[in-house]
Amino acid sequence: MTIEERYQKLEETIREYNPSANFDLIRAAFTYAAIAHEGQLRKDGSPYVSHPLAVAQIVAEELHLDSESIAAALLHDTIEDTGATHEEVSRRFSPTIADLVEGVSKLNRVQYTSKAEEQMENLRKMLLAMSKDIRVILVKVADRLHNMRTMQFQTPDKQKKKSFETMEIYAPIAHRLGMQRIKWELEDLSLKYLDPIGYEEITSVLDAKAKEYQGFMKEVHQQITRRLNEGGIHGYVYGRLKHPYSIYRKMFAQNKAINEIFDLIAFRVIVYSLPDCYNVLGVVHDLYKPVLGRFKDYIGTPKPNMYQSLHTTVIGEGGTPFEVQIRTQEMHEIAEYGIAAHWKYKQGGKGSGDEQSYEWVRRLLENQEGTDAEEFIHSLKVDMFADEVFVFTPMGDVINLPSGATPIDFAYSIHSAVGNHMVAVKINGRIAQFDSRLENGDIVEVITSQSAHGPSRDWTKIARSSEARSKIRQWFKRERREENIVTGRASFESELKRNGVSLKDLTGDDVLPGVLKKLCYNSLDDMYAAIGYGGVTSLKLIGRLREDIQRIQQAHRQAEQAAKEEPVVPKPTVHPKSWSEHGVVVEGLSNCLVKFAKCCTPVPGDPIEGFITRGYGVSVHRADCPNAAPSRRSPDEHGRWIRVSWSDQIKETYRTTIHVIAKDRVNLVMDISAVLASTKTRLMMMNARSTADNFALIQLEVEVGGGDQLQGLIRKLEQISGVMTVKRPAG
Ligand code: MN
């Protein structure tokens, strides 16, 4: 095929799923790429533009993506390999397309030097986090798929290196995004270069078996199809031999030869309604003897990547076992194309017809209210790794830090000695400030010196990770005890003074032992040192002595009164300065961070208590949360519990968790999602699983405006047929 013919085929492919695509834009991108890559050849001697064209073909054919993604696929190597710039692509096409192209180029520059397993997971997360727009990673996966398909023209060295990367990074990403077909192809292609002998052995056996099993598979196909027709079930049946890599992995894991692998054949039945999945299961178990313990209901309990299906293994004629997977058309598309299938729906929602069939996907997976495709994809990404940042050491190891982390966090995450001896830092080869914000993919190099003075006190404010902060405090605690005692004492004394009490009042021989016991310190110096290095604040300690201080204040007043011999009007109680964030007022603490506890997820109206965490502000628990129960409070933690209350000023929405226990039945999950929709409740997460004795345990994470909406929701959930209890978990 000539290049132009291949381009025509691309347009045809797009027209099939998206007749209203922007073909002017796509043609312009193709022409621009052809001119930009003019004169460059691929390893097989073909003009270079055949590569971006093939990548665009994959993006269209396998993922059914939008016009901008197709254009970006056509242009994906222009900024990297030709004179084109972000500015020019942005001007000629659009800023979004330029960002997509640059995003793909950025991923190309990530180094894969490390081989440790936990490093691989960090690298995968880093790639996803760097793909600010999910389309970047989709184009990148398509790029890698075409490179793997044409790997035979590369040197053996490069074949091995790229195949390793593909197996460890890109196939798992394809899996995580739910793109099973692409994942399998990537794995099979990688295996071919990583273990050519093993691959050859499996494929030759599979080829032979294909002939041997041909008749058997045809017969099973006919038997199932006939029964579907008789039962009036619409659907289609499809049989195949399993993929080489899935067999390879089984041989490896179970230490078996290929002849010992139990089931090489898999059938798939695709139907058009959820109840039919269970009808087909009945048909299959009626036709063939099921193998005990091999039935799995991933419809009731979807896998984390949203995969849904029924799996069973049965024994056919002659004792040949085979697996059967049963799912609806929608489940099938999501299984094969994952994220791209959801996204395709979002695009279709703008005009084209079959909104209805994806309705349940939307209910469960997406924010219900009118987000457009861009926003949906953005929020999806943010949800994935918004709170993490991934950077490299000069050796190529990936270090995972909280987002907003600085070189100080980086240094202490390597080792406290590295942090304590840090004198300078380089980010991507250039000297940088200690408070610079690290970005995904940065290479960070810490310069240390044995004569370093140690951390500065400001560092605890600059550091984002509690690990770094506590290591810095440790250093001050150890190295600077004398100094800490002096600063700690000064701080404690001035805080007391603000309360009208002198240090002498609290440290008299009769009072001191009780005070120290209450504060859990062995000596005053220990307490001053703790304040000095930042382990605790004077304010907090004095808060624990409220009763003693009130007693002393009272005594002072009585003394004054006696001296003046005149009646004193009792002063109205002065409320401590309070401050509200997220609609919560924290007593006695101003300007502190407020978080809602994950264990009991309070909403306005609930009685609440606050816990001062180490480094992350005040965590708000429901008063009935076991974590907040006074009996559970250890003496160490006691002083960290403080009074909090709801302010009048309520934050817009609150996240909370609800547990539903019900008799398991078909459509239960759909009824729950209907209640969520009717009460206008945003669903953030749903996790359903069924127990052996036929109960369904469903965990919902929802966003509500407050207690009233939540109570309404709970009442409606309780009314659903089969639902036994609806609870808000605590602890
Ligand atoms: Mn490429």
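Right above here is the structure, for reference.
What you see is a predicted model; the values in this text were computed from it and never measured.

Colleague: Describe in detail the packing of helix α10 (residues 156-176) against helix α11 (residues 180-194), supporting the description with residues and values.
Modeller: Angle between the axes and distance between the axes: these two values describe a pair of packed helices. Relative orientation of the contacting elements α10 and α11 amounts to 160°, with a least axis distance of 9 Å. On the basis of the axis angle, α10 is roughly antiparallel to α11. In the packing of α10 onto α11, the handedness of the crossing is left-handed. Only Gln 180, Ile 182, Lys 183, Leu 186, Glu 187, Ser 190, Leu 191, Tyr 193 and Leu 194 of α11 make contact with α10, whose side of the interface consists of Gln 159, Lys 160, Ser 163, Phe 164, Thr 166, Met 167, Tyr 170, Ala 171, Ala 174 and His 175. A per-class count over the contact of α10 with α11 returns 10 nonpolar, 6 polar and 3 charged.

Colleague: An account of the coordination of the manganese ion is needed here, citing residue identities and associated values.
Modeller: Around the manganese ion, the protein contributes the donor atoms His 51 (NE2), His 76 (NE2), Asp 77 (OD) and Asp 143 (OD), which lie 2.2 to 2.5 Å from the metal centre. On the primary sequence, the residues serving as donors to the manganese ion are separated as H-x24-H-D-x65-D. Separated by 67 residues along the polypeptide, His 76 in the loop between α4 (67-75) and α5 (78-81) and Asp 143 in helix α9 (residues 134-149) bring together distant segments of the chain. Taken as a pair, His 76 and Asp 143 share a single burial class, namely buried.

Colleague: How would you sum up the pattern of salt bridges? Please name residues and give values.
Modeller: Inspection of the entire model under this criterion finds 26 salt bridges. For the salt bridge of Arg 149 with Glu 185, the shortest nitrogen-to-oxygen distance reads 2.6 Å. Linking Arg 149 in helix α9 with Glu 185 in helix α11, this pair joins segments that are 36 residues apart in sequence. Residue Arg 149 is classed as partly exposed on the basis of its relative accessible area of 34%. Across the pair Arg 227 and Asp 286 runs a salt bridge whose closest N-O atoms are separated by 2.8 Å. Of this pair, Arg 227 sits in helix α12 (residues 196-230) while Asp 286 sits in helix α14 (residues 274-287); the two residues are 59 residues apart in sequence, bridging distant segments of the chain. Overall, the relative accessible area of 26% leaves Arg 227 in the partly exposed class. The exposure class of Asp 286 is exposed, given its relative accessible area of 52%. Through salt bridges with shared partners, a single network forms among Glu 62, Arg 149, Arg 181 and Glu 185.

Colleague: Can you explain the pairing of strand β20 (residues 682-690)? Please cite residues and give values.
Modeller: Here β20 pairs with strand β21 (residues 695-704) via 8 bridges, running antiparallel. Residue pairing across strands places Arg 689 opposite Leu 697, the latter belonging to β21. Counting the residues in the hairpin turn of β20 and β21 gives 4 residues, including Asn 694, whose phi is positive at 70°.

Colleague: Let's hear about the nonpolar core: which residues, and what values?
Modeller: One broad rule of soluble globular proteins: the nonpolar side chains tend to lie buried together. Counting 69 residues, the largest nonpolar core has Leu 10, Ile 14, Ile 70, Leu 74, Leu 75, Ile 137 and Leu 186 as the members making the most contacts within it. No other element matches α9, which puts 9 residues into this core. The contacts of Ile 14, once residues within four sequence positions are left out, are Pro 19, Ala 21, Phe 23, Ile 26, Ala 60 and Ile 70. Membership of the second largest hydrophobic core comes to 46 residues, among which are Val 425, Leu 438, Trp 459 and Val 511.

Colleague: Kindly report on a nonpolar patch on the surface, identifying the contributing residues and their values.
Modeller: A surface patch of nonpolar side chains, amounting to about 330 Å² of accessible area, comprises Tyr 236, Tyr 238 and Tyr 272. Considering the arrangement of structural elements, one finds Tyr 272 in the loop between β2 (265-271) and α14.

Colleague: I'd like a description of the side chain of Thr 681, backed by residues and values.
Modeller: Tracing the backbone shows Thr 681 in the loop between α30 (668-678) and β20. Within the structure, Thr 681 has its side chain in polar contact with the side chain of Thr 679 (distance 2.7 Å).

Colleague: Could you give an account of the environment of Asp 606, with specific residues and numbers?
Modeller: Secondary-structure assignment places Asp 606 in the loop between β14 (594-596) and β15 (608-612). What makes Asp 606 buried here is its relative accessible area of 13%. Each C-alpha atom of the pair Asp 606 and Gly 706 lies 9.3 Å from the other, and the pair is 100 residues apart in sequence. With residues up to four places along the chain from it excluded, the contact list for Asp 606 reads Arg 622, Trp 646 and Arg 728.

Colleague: Can you tell me about the packing of α12 against α14, naming the residues and giving the values?
Modeller: Where α12 meets α14, the closest approach of the two axes is 10 Å, and the angle between their N-to-C directions is 130°. On the basis of the axis angle, α12 is oblique to α14. Here α12 and α14 pass one another in a crossing that is right-handed. Every residue of α14 that contacts α12 at Gln 223, Ile 224, Arg 227 and Leu 228 is listed here: Val 280, Val 283, Asp 286 and Leu 287. The class makeup of the residues in the contact of α12 with α14 is 5 nonpolar, 1 polar and 2 charged.

Colleague: Could you give an account of the sheet that holds strand β17 (residues 641-642), naming the residues involved and the relevant values?
Modeller: With mixed pairing, the 4 strands of this open sheet are ordered in space as β14-β16-β15-β17. The outermost strands of the open sheet, each flanked by one partner alone, are β14 and β17.

Colleague: Explain the sheet that holds strand β22 (residues 723-727) to me, using residue names and the numbers behind them.
Modeller: The 4 strands lie next to each other as β20-β21-β19-β22, forming an open sheet whose pairing is antiparallel. Strand pairing shows two members of the sheet lacking a second neighbour, β20 and β22, which therefore form its edges. Ignoring strand direction, the axes of neighbouring strands in this sheet form an average angle of 15°. Sheet strands in contact with α30 are β19 (654-663), β20, β21 and β22, and its direction is about 20° off that of β21. In this fold helix α31 (residues 707-719) packs onto β19, β21 and β22, with an angle of close to 15° to the strand it touches most, β19.

Colleague: So, the environment of Arg 6: which residues are in play, and what are the values?
Modeller: Counting through the fold element by element, Arg 6 comes out in helix α1 (residues 3-17). For Arg 6, the contacting residues outside a window of four places in its chain are Met 1, Ser 50, Leu 53 and Gln 57.

Colleague: Go over the side chain of Glu 185 with me, naming the residues and quoting the values.
Modeller: Classification of Glu 185 by relative accessible area gives buried; the value is 18%. What Glu 185 contacts, discounting residues up to four positions off in sequence, is Leu 145 and Arg 149.

Colleague: Report on the packing of aromatic side chains, specifying residues and quantitative values.
Modeller: What the rule picks out here adds up to 15 aromatic pairs. Ring geometry for Tyr 288 against Phe 322: centres 5.2 Å apart, planes inclined by 80°, an arrangement best described as edge-to-face. Separated by 34 residues along the polypeptide, Tyr 288 in the loop between α14 and β3 (289-290) and Phe 322 in strand β6 (residues 321-328) bring together distant segments of the chain. Taken individually, Tyr 288 and Phe 322 each receive the classification buried, so the pair is uniform in this respect.

Reading the values: the criteria
- Residues numbered from 1 in each chain as written.
- Predicted model: local features only at pLDDT ≥ 70, side-chain atom pairs only at ≥ 80, totals over all residues.
- Heavy atoms only, no water.
- Axes fitted to C-alpha atoms, helices over the stretch in contact; angles between N-to-C directions.
- Helix = DSSP H or I, 4+ residues; strand = E, 2+ residues; numbered from the N terminus.
- Parallel < 35°, antiparallel > 145°, perpendicular 65-115°, else oblique.
- Left-handed = near helix turned anticlockwise from the far one by under 90°.
- Contact = heavy atoms within 4.5 Å.
- Nonpolar A, V, L, I, M, F, W, Y, C, P; charged D, E, K, R; others polar.
- Donors = N, O, S within 2.8 Å, 3.2 Å for Na, K, Ca; no water.
- Buried < 20%, exposed > 50% of the residue type's maximum accessible area, 1.4 Å probe, protein only.
- Salt bridge = Lys/Arg side-chain N within 4 Å of Asp/Glu carboxyl O.
- Pairing = 2+ DSSP bridges.
- Core = buried A, V, L, I, M, F, W, Y, C linked by side-chain atoms within 4.5 Å.
- Patch = residues over 30% accessible without salt bridge, like charges linked within 9 Å, V, L, I, M, F, W, Y side chains within 5 Å.
- Areas by Shrake-Rupley, 256 points an atom, 1.4 Å probe, with all protein chains shown as cover.
- Polar contact = N/O pair within 3.5 Å; in protein donor to acceptor, adjacent residues only side chain to side chain.
- Phe/Tyr/Trp six-rings, centres within 6.5 Å; stacked < 30°, edge-to-face > 60°.

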